[in-house]
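Okay, here's what each chain looks like letter by letter:
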Amino acid sequence: KGFMTSKVKQFDAMWHAPVFLILLLCIFQSAAADQTAPKKEYRRIVSLAPSITEALFLLQKEQSLVGVTKYCTFPATAKKKTSVGDVLKPDLESIISLSPDLVLTTREINSEQTIARLSQLGLNTHTFSMRRNFADMTQELKLLGDLLNQTKLALEIVQSAERSLLEISSKLKSASKPTLFWQVE
């Protein structure tokens, strides 16, 4: 009985190693394929939020931006883009007339009804989540960078912003606390 048990254990060990190596090889090949597969290049983008419009300019994608809301006023050249109306209730006909290959929305200011309607109309949309803090904002920029094939630039912008934040924080820690005198009569 002991002889058979040890042979079964040896067989088990011999069987696991090749299977493990094959699985590992499949994973690496899949990851390599993902990295080499070209991402879609969006050429006609509509932004339905001022924060997204500004991010598109930061990511040097203003030439692909064909439509914005009337509140997308920064940078100043954003005002020259075709207006598709309000952030809460954009003009869907105007959006469709621009033939966008991507419509960018955010749950922060665009209504769920608008987001759903854009999808129902067959428009390719990407909706960003609510931003609650600086980390959410930087994550959103990195996601947008990935989506638009500007990953490296997005990362550089985020790292620069993080360095600036650290610099300001360290200056504030060493700064003297302001004092206040309030005279009550």
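Fair warning: this is a prediction, and the values are worked out from it, not measured in the lab.

(A) The arrangement of helix α6 (residues 151-174) in detail. Between its terminal C-alpha atoms α6 stretches 35 Å, which fits the 34 Å expected from 24 residues at 1.5 Å a residue. Within α6 the residues assigned to the buried category are Leu-153, Ala-154 and Val-158. Among the structural elements, α2 (50-58) and α5 (134-147) are those in contact with the buried residues of α6.

(B) Fine view of unusual backbone geometry. Put simply, Phe-74 and Pro-75 share a cis peptide bond, and its omega is -10°. Within the secondary structure, Pro-75 is located in the loop between β2 (65-68) and β3 (82-83). One non-glycine residue, Asn-149, lies in positive phi territory at about 60°. Relative to the helices and strands, Asn-149 is located in the loop between α5 and α6.

(C) Local environment of the confidence of the model for the protein chain. Confidence in the prediction of the protein chain, expressed as mean pLDDT, is 84, and 79% of residues score 70 or more. In the predicted structure, residues 2-35 sits below a pLDDT of 50 and forms zero contacts with residues beyond four places in sequence or in another chain.

(D) Seen up close, the layout of surface pockets. Approximately 300 Å³ is the volume found for the largest pocket. Taken together, 14 residues make up the lining of the largest pocket; nearest its centre are Ala-55, Leu-58, Arg-131, Met-137 and Leu-141. Those elements that place two or more of their residues in the lining of the largest pocket are α2, α5 and α6. With six residues, α5 is the single largest residue contributor to the lining of the largest pocket. By residue class, the composition of the lining of the largest pocket is nine nonpolar, two polar and three charged.

About the thresholds
Residues numbered from 1 in each chain as written. Predicted model: local features only at pLDDT ≥ 70, side-chain atom pairs only at ≥ 80, totals over all residues. Heavy atoms only, no water. Helix = DSSP H or I, 4+ residues; strand = E, 2+ residues; numbered from the N terminus. Expected span 1.5 Å × (residues − 1). Buried < 20%, exposed > 50% of the residue type's maximum accessible area, 1.4 Å probe, protein only. Contact = heavy atoms within 4.5 Å. pLDDT = per-residue confidence, 0-100. 1 Å grid on protein atoms, 1.4 Å probe; cavity = no way out; pocket = protein on both sides within 12 Å on 5 of 7 lines; lining within 4 Å. Points joined across faces, edges and corners; volume = space filled by probe spheres on them. Nonpolar A, V, L, I, M, F, W, Y, C, P; charged D, E, K, R; others polar.

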